[in-house]
Amino acid sequence: MNDMMSPSPAVATLAPCSILAGIGAYLPARVVTNDELAKTVDTSDAWIRERTGIRQRHIAGPDETCAVMATRAAEAALADAGVAATEVDGIVLGTATPDQAFPATAVRVQGALGCGGFAFDVSAACSGFIYALSVADAMIRAGQARCVLVIGAEVYSRIMNWQDRGTCVLFGDGAGAVLLRAATPADGGATPRGVLSTHLHAQGALGDILYVDGAVGQPDKPGHLVMNGREVFRHAVAHLAGAVNEALEANGLAIADVDWLVPHQANMRIIDAVGKRLGLAPERVVVTVDRHANTSAASIPLALADAYAAGRIRRGQLVVMEALGGGLTWGSALVRM
Ligand code: UT7
């Protein structure tokens, strides 16, 4: 066993580890402010800021499909890693807003990038990126792939009921991607790098507190997001803090070891409450909900890319990510960058 797989009990028996070799993002050019929304729905900038922390969101134009945005984010992650598309073995894409029932958006991305290997979507709503990362990491550990693009991409603007002020002010569009690759001895050292652990959960009994009330192929009911916000809020705070503690315990680490929490960006009040429960200083929490709003499966890779591009998240740092979404689904990922 080489030194990069040693100290954490959670990874000691699992090899090889997968490294986040590149990070990329794409946001639509069009920015919609709270004031702009208040012209068409009974809301106000003050209410949205106070209850959610959101100031604005990016909204996709007609040509900015889920696949187009995912492709742009993937290209950025490949460029950051210095890896050619032809070296990619597979694409795992988390989305709840695919362009079509099939082919999977991941397959469209594969076609656009011109890479080979496997490609499929993962449907876990706002937890989609954590689920996709977990699947891709497991495939690399199992030796099924060496280089996998993990993408979170969403166009929630297409499933909004723009008359429902309780939901339409909360979401935005965008895509984020990471390139995961199998660790090599050159990645080793005193501190192991890569995905240390992922933990996934679902509670199907709560499927009706956040769902889409229609489907592709139902012309009279194309599908709008429906949410009991208070109920989701209540479950989010408890589950998300629990998922972070579960990750730390599995790796024999404490919250003081964490450099950054990259939470799902749904609501500033949820982010603050989770940080408080964990005993984590606000300066160690990455926040983009003010600028991006809730981009579901894209929110974590977008936040990761934002903090990475700003030079805040750096190689060698310990980053914990958590998300909760429709299903309910929730989970965490602990990563040494
Ligand atoms: O990413 C997936 C996970 N999703 C989440 O984590 C979302 C979790 N939930 C939340 O973030 C919050 O529950 C919301 C932001 C959705 C709502 O905040 P809240 O503090 O729970 O508000 P509420 O639903 O209890 O509504 C309070 C009041 C209501 O008016 P009344 O009944 O007290 O007169 C709403 O009708 O605020 C009203 N309201 C609004 N007012 C102005 C709801 N939406 C709006 C709005 N503008 N956009």
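Residues numbered from 1 in each chain as written. Predicted model: local features only at pLDDT ≥ 70, side-chain atom pairs only at ≥ 80, totals over all residues. Heavy atoms only, no water.

Visitor: Explain the layout of surface pockets to me, using residue names and the numbers behind them.
Guide: Once rolled over the atoms, a probe with the size of a water molecule shows which space is left empty. Taken as a whole, the largest pocket spans an internal volume of roughly 590 Å³. What lines the largest pocket is a set of 28 residues, and nearest its centre among them are Leu-170, Met-227, Gly-229, Arg-230 and Asn-267. For the lining of the largest pocket, the secondary structure elements donating two or more residues are α3 (45–52), α7 (165–168), β10 (225–227), α8 (229–250), α9 (268–278) and β12 (318–325). With 6 residues, the single largest contributor to the lining of the largest pocket is α8. Of the residues belonging to the lining of the largest pocket, the class tally is 15 nonpolar, 9 polar and 4 charged. (1 Å grid on protein atoms, 1.4 Å probe; cavity = no way out; pocket = protein on both sides within 12 Å on 5 of 7 lines; lining within 4 Å. Points joined across faces, edges and corners; volume = space filled by probe spheres on them. Helix = DSSP H or I, 4+ residues; strand = E, 2+ residues; numbered from the N terminus. Nonpolar A, V, L, I, M, F, W, Y, C, P; charged D, E, K, R; others polar.)

Visitor: With reference to specific residues and values, describe the packing of helix α4 (residues 66–81) against helix α5 (residues 105–113).
Guide: Contact geometry of α4 with α5 gives a least axis separation of 9 Å together with a crossing angle of 55°. As far as their axial angle goes, α5 and α4 are oblique. For the crossing formed where α4 meets α5, the hand is right-handed. Here Cys-66, Ala-67, Ala-70, Thr-71, Ala-74, Glu-75 and Leu-78 of α4 lie close against α5, whose contacting residues are Thr-105, Arg-108, Val-109, Ala-112 and Leu-113. Residue composition of the contact of α4 with α5, grouped by class: 8 nonpolar, 2 polar and 2 charged. (Axes fitted to C-alpha atoms, helices over the stretch in contact; angles between N-to-C directions. Parallel < 35°, antiparallel > 145°, perpendicular 65-115°, else oblique. Left-handed = near helix turned anticlockwise from the far one by under 90°. Contact = heavy atoms within 4.5 Å.)

Visitor: Would you mind going over the pairing of strand β4 (residues 90–94) in detail, with residue names and values included?
Guide: With 5 of 5 residues buried, β4 lies mostly within the body of the structure. Burial of β4 is two-sided: the residues Gly-90, Val-92 and Gly-94 facing one way and the residues Ile-91 and Leu-93 facing the other way are all buried. Here 5 bridges tie β4 to strand β5 (residues 118–122), and the two strands are oriented parallel to one another. Pairing of Gly-90 across the sheet is with Phe-118, part of β5. Regarding topology, α5 serves as the crossover connection from β4 to the parallel β5, and that connection is right-handed. Alignment of β4 against strand β6 (residues 147–155), held across 5 bridges, turns out to be parallel. When the bridges of β6 are listed, Leu-93 appears paired with Ile-151. (Buried < 20%, exposed > 50% of the residue type's maximum accessible area, 1.4 Å probe, protein only. Pairing = 2+ DSSP bridges. Right-handed = clockwise from strand over helix to strand, strands pointing away.)

Visitor: Talk me through the sheet that holds strand β1 (residues 18–26); I want residue IDs and the actual numbers.
Guide: With respect to topology, 5 strands assemble into an open sheet ordered β1-β7-β6-β4-β5, the strand pairing being mixed. Two strands bound the open sheet, and with one partner strand each, they are β1 and β5. Direction aside, the axes of adjacent strands within the sheet are offset by 15° on average. Pairing analysis gives 9 bridges linking β6 to strand β7 (residues 173–182), with the strands arranged antiparallel. Residue pairing in the sheet places Ile-151 in a bridge with Ala-177 of β7. Docked against the sheet, helix α11 (residues 299–309) engages β1, β6 and β7, running at close to 95° with respect to β1.

Visitor: Account for the domain arrangement of the protein, naming residues and giving values.
Guide: Many analyses report the size of an interface as the accessible area lost when the parts associate. Taken domain by domain, the protein comprises domain 1 (13–187) and domain 2 (191–336). Taken residue by residue, the interface counts 55 residues in domain 1 and 48 residues in domain 2. Taken together, both faces of the contact between domain 1 and domain 2 bury some 4000 Å²; the carbon and sulfur share is 64%. On inspection of domain 1 and its partner domain 2, the count reaches 2 salt bridges. For the salt bridge of Arg-55 with Asp-290, the shortest nitrogen-to-oxygen distance reads 3.3 Å. For the pair domain 1 and domain 2, the number of links is 22 residue pairs in polar contact (both at pLDDT 80 or more). (Domains from an automatic or database assignment. Buried area = accessible area lost by both parts, 1.4 Å probe. Salt bridge = Lys/Arg side-chain N within 4 Å of Asp/Glu carboxyl O. Polar contact = N/O pair within 3.5 Å; in protein donor to acceptor, adjacent residues only side chain to side chain.)

Visitor: Which residues make up the packing of α8 against α9, and what are the values?
Guide: Remark: α8 packs on α9, axes separated minimally by 9 Å, with the N-to-C direction vectors making an angle of 40°. Put simply, α8 runs oblique to α9. At the point where α8 passes α9, the crossing takes the right-handed sense. In this structure, α8 contributes Phe-233, Ala-236, Val-237, Ala-238, Leu-240, Ala-241, Val-244 and Asn-245 to the contact, and α9 contributes Arg-269, Ile-270, Ala-273, Val-274, Arg-277 and Leu-278. By residue class, the composition of the contact of α8 with α9 is 11 nonpolar, 1 polar and 2 charged.

Visitor: An account of α9 is needed here, citing residue identities and associated values.
Guide: Burial in α9 covers these residues: Ile-270, Ile-271, Val-274, Gly-275 and Leu-278. Projection of α9 onto a plane perpendicular to its axis shows the buried side chains occupying an angular sector of 130°, all on one side. In α9, the exposed residues that point more than 90 degrees away from the buried face are Lys-276 and Arg-277. Packing partners of the buried residues in α9 comprise α8, β11 (260–263), α10 (289–292) and β12. Between a side-chain oxygen at the N-terminus of α9 and the backbone nitrogen of Arg-269 the separation is 2.7 Å; the capping residue is Asn-267. Downstream of α9 by a residue or two, Gly-279 has a phi angle that is positive, lying close to 75°. (Arc of directions from axis to C-beta.)

Visitor: I'd love a proper account of the environment of Arg-141, names of residues and values included.
Guide: Positionally, Arg-141 belongs in helix α6 (residues 128–141). For Arg-141, a relative accessible area of 12% translates into the label buried. For the pair Arg-141 and Arg-181, spaced 40 residues apart in sequence, the C-alpha to C-alpha distance is 10.0 Å.

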